[in-house]
Every structure is written in C-alpha cells, then in structure tokens.
Amino acid sequence: MSVAKNLEKLRGRIERACRRGNRSKDEITVVAVTKHASIERTKEVLDEGILHLGENRDQELLRKYEVFGQRPKWHFIGTLQRRKVKNIIDVVDYIHSLDRMSLAEEIDKRAKGVVRCFVQVNVSGEESKHGVKPEETISFIQALEPFSNVQVVGLMTMAPNTKDEGVIRHCFRTLKHLQHQVQLLHLPYAPCDELSMGMSNDFEIAIEEGATMIRIGTALVGDNK
Ligand SMILES: *Cc1c(COP(=O)(O)O)cnc(C)c1O
C-alpha cells in the first residue's frame, strides 16, 4: 500500500486516540522509522509531509542523509555504540537512546553544540532491552549536569512485545510519572517536555498515556498493513 494510504489510516487512528486521551493531535509528532525502507519509499514519506525520520544504524542514516540532507529532522533511535557517535553526531537532530554515562561523555566530547537527547528507560525490565532502570533515572539525569552539550528533551521507552494491553499501558504510564519527577527538578539542561513512546503496535495506548513522539515503521512504510 502507498505511504499516502497508510498515512491516511494512521492519521485517523491518531485522531481517535487523541480524543480518547483528551489530547490535541498537534501535540503528537510522527517519527517515520525508515530503517527498512528504500530511498524511494523514504522519499514518499517526505513527499507526504512527514519530516521526522528515525534510523537505528549509522551507515543507513548516513546513506539517506546523502540523499535527503537537512530536509527532514534525523532521529537516531537504536542502540548507539560509543565508537559510532562521531559518525552521526553532526547530522542527527535527536538521539533517543541515551542510556549510559560513557555515551553521554562521548556525545558531549564530539558534539559541536547542544544535542537533543532522550534518556531511554527500561521500564519493563526485560533483559533484552536497553535503558536505565526506572529507579535510577533521576540520579542518571542529575549526573548529566557536567555535559554541557547534552540536553535531555525527554524520556523514551519501548513497551514489552505482548498482547496484554494492561502491561503496555502500565509501562507508558510509568514513563509519564518519571517525566513528571524529572520536571520537578527544574534542571536547565533537562526540560524533559517530550515522551518518545509508541510504535506501530502500541502507539494508540502511548498517545492515551501522554506520548508526544511516536515512532512508526511498519504501519507507515510497510506495504502489508
Ligand atoms: C523499528 C523501531 C520502531 C518502529 O517499529 P514498528 O513496529 O515497525 O513501528 C520504533 N522504535 C524503535 C526503537 C525501533 O527500533
């Protein structure tokens, strides 16, 4: 199916979720996850007016950056190895996967200016998932203070892969609570206004629970949905 058709469906679902959650659809930014999308398919996304792209590999991001340059905002959404930071740092607008001090240190060292970062939180506690523990999130963010190029714009999480809506909702709600706790600290480098949560399978719940950025791959660029 064309990106245009997918987007039309997606917009409808976003609007209904916003209504249920008492949100305005203007509060939701769609980050199109193009990690499996060709250049052509990615171009369709941009032509539909979606100007936020998410990639999880440095080489693929750079390949697309060569084609599209600064037309979109670039979001790095995957596990980020320290040694790869220098490859992407001048190109990305957001990093969604800040989850350890050594990475913050490297971002701070390599960046030429302030980098907008999400602290990734492993709310579900699954071993396979990256992220700081919920109970360590506050102290982690407090410890970022010396890194003047690191700005904490928000928190990010991935819900467990389950059909149990209650479990997913609990995960997103926990992230929202954590965001509130961070905001109460009034740290100038951590406004933490954003919540990056929700993917193709769970974005509606994420919106109901306060997401401001949803990361959508399959439902937008996949052709079997
Ligand atoms: C792949 C990926 C997504 C998008 O997943 P879909 O289920 O295809 O929407 C979102 N976030 C992260 C971190 C991803 O790796």
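Structure shown above.
A short tour of the structure in this document, coming up. These figures come from a predicted structure and were not determined experimentally.

## A word on the nonpolar core
Across soluble globular proteins, nonpolar side chains show a tendency to be buried alongside one another.
Here is step 1 of the chain: Counting residues in each nonpolar core, the largest one holds 67 residues, and the members touching the most others are Leu98, Ile107, Val119, Ile141 and Leu144.
Here is step 2 of the chain: Among all residues touching Leu98, those that are not within four sequence positions of it are Leu103, Ala104, Ile107, Cys117, Phe118, Val119, Gln120, Phe140, Leu144 and Val150.
Here is step 3 of the chain: In this structure, Tyr94, Phe118, Val153 and Met213 belong to the second largest nonpolar core, which totals 6 residues.

## Looking at the site of the ligand
Here is step 1 of the chain: The local shell around the ligand consists of Val33, Lys35, Ile77, Met156, Met158, Met199, Ser200, Arg215, Ile216, Gly217 and Thr218.
Here is step 2 of the chain: Between the ligand and the protein, one listed contact pairs an oxygen atom with a side-chain N or O atom of Lys35 at 2.8 Å.
Here is step 3 of the chain: At 2.8 Å from a nitrogen atom of the ligand is found a side-chain nitrogen or oxygen belonging to Arg215.
Here is step 4 of the chain: Computed on the free molecule, the ligand has an accessible area of 390 Å², of which 87% lies beneath the protein chains in the complex.
Here is step 5 of the chain: Each residue belonging to the shell around the ligand can be placed in one class, and the counts come to 6 nonpolar, 3 polar and 2 charged.

## Some remarks on unusual backbone geometry
Here is step 1 of the chain: In this structure, Asn22 is a non-glycine residue whose phi angle is positive, near 60 degrees.
Here is step 2 of the chain: Locating Asn22 in the fold gives a position in the loop between helix 1 (3-21) and strand 1 (29-33).
Here is step 3 of the chain: In this structure Asn22 comes out as exposed when scored by relative accessible area, which is 73%.
Here is step 4 of the chain: Although it is not a glycine, His186 adopts a positive phi angle of roughly 50 degrees.
Here is step 5 of the chain: Summarising the element assignment, His186 is placed in the loop between helix 7 (165-184) and strand 7 (194-196).

## Regarding the pairing of strand 4 (residues 94-98)
Within a regular strand, side chains alternate between the sheet's two faces.
Here is step 1 of the chain: By the criterion of burial, strand 4 is predominantly enclosed, with 5 of the 5 residues buried.
Here is step 2 of the chain: In this structure, strand 3 (residues 73-76) lies alongside strand 4, joined through 2 bridges in parallel fashion. Bridged to His75 within strand 4 is Tyr94.
Here is step 3 of the chain: Examined bridge by bridge, strand 4 and strand 5 (residues 115-120) share 3 bridges and lie parallel to one another. Along strand 5, the bridge assignment pairs Tyr94 with Arg116.
Here is step 4 of the chain: What joins strand 4 to strand 5 is helix 5 (residues 101-110), and the crossover it makes is right-handed.

## Digging into the environment of Cys18
Here is step 1 of the chain: One can find Cys18 in helix 1.
Here is step 2 of the chain: Spatially, the C-alpha atom of Cys18 lies 9.8 Å from that of Ile205, the residues being 187 residues apart in sequence.
Here is step 3 of the chain: Among all residues touching Cys18, those that are not within four sequence positions of it are Arg23, Ser24, Lys25, Ile28 and Ile207.

## As for the packing of helix 2 (residues 39-47) against helix 3 (residues 58-68)
Here is step 1 of the chain: Put simply, helix 2 and helix 3 touch, their axes get as near as 11 Å, and they point 60 degrees apart. It follows from the interaxial angle that helix 2 and helix 3 lie oblique. In the packing of helix 2 onto helix 3, the handedness of the crossing is right-handed. Residues Ile39, Thr42, Lys43 and Leu46 of helix 2 touch helix 3, and the partners they reach there are Arg63, Lys64, Val67 and Phe68.
Here is step 2 of the chain: Taken together, the residues of the contact of helix 2 with helix 3 sort by class into 4 nonpolar, 1 polar and 3 charged.

## Notes on the environment of Glu194
Here is step 1 of the chain: Tracing the backbone through its elements, the reader meets Glu194 in strand 7.
Here is step 2 of the chain: Classification of Glu194 as partly exposed rests on a relative accessible area of 23%.
Here is step 3 of the chain: Placed 17 residues apart in sequence, Glu194 and Ala211 show a C-alpha to C-alpha distance of 7.4 Å.
Here is step 4 of the chain: Once you skip the residues sitting within four places of it in the chain, Glu194 turns out to touch Phe118, Val153, Gly154, Leu155, Gln179, Thr212 and Met213.

Scoring rules and cut-offs
Starting from 1, residues in each chain are numbered consecutively following that chain's sequence as written. A pLDDT threshold of at least 70 governs which residues receive local features in this predicted model, and a stricter bar of 80 or more applies before side-chain atom pairs are shown or counted, although totals over entire chains, interfaces and linings include all residues. Side-chain metrics in this entry use all non-hydrogen atoms of the structure; hydrogen atoms and water are not considered. Grouping buried Ala, Val, Leu, Ile, Met, Phe, Trp, Tyr and Cys residues that are joined through side-chain atoms within 4.5 Å yields what is termed a nonpolar core. To sort residues, take the accessible area from a 1.4 Å probe on protein chains only and compare it with the maximum for the residue type: under 20% means buried, over 50% means exposed, and anything in between is partly exposed. We call two residues in contact when some of their heavy atoms are within 4.5 Å. Near is defined per residue: the residue qualifies when any heavy atom it owns lies within 4 Å of the molecule or strand. N or O atoms closer than or at 3.5 Å make up a polar contact, with two conditions inside protein: a donor-capable atom paired with an acceptor-capable one, and, for residues adjacent in sequence, both atoms drawn from side chains. Every accessible area reported is derived by Shrake-Rupley at a probe size of 1.4 Å, with residue values counting cover from the shown protein chains alone. Any residue that is not Ala, Val, Leu, Ile, Met, Phe, Trp, Tyr, Cys, Pro, Asp, Glu, Lys or Arg is counted as polar, Gly included; the first ten are nonpolar and the last four charged. A helix here means a DSSP run of H or I that spans at least four residues, while a strand means a run of E at least two residues long, and both kinds are numbered starting from the N terminus. Here a strand pair is declared whenever DSSP counts at least two bridges between the two strands. With its strands directed away from the observer, a crossover is right-handed exactly when the path from the first strand over the helix to the second travels clockwise. In this analysis an axis means a line fitted to C-alpha atoms, helices contributing only their contacting stretch, and an angle means the value between N-to-C directions, from 0 to 180 degrees. Any angle from 65 to 115 degrees is called roughly perpendicular, while one under 35 is roughly parallel, one over 145 is roughly antiparallel, and all others are oblique. Note on convention: near helix rotated counterclockwise from far helix by under a right angle means a left-handed crossing. Clockwise means right-handed.

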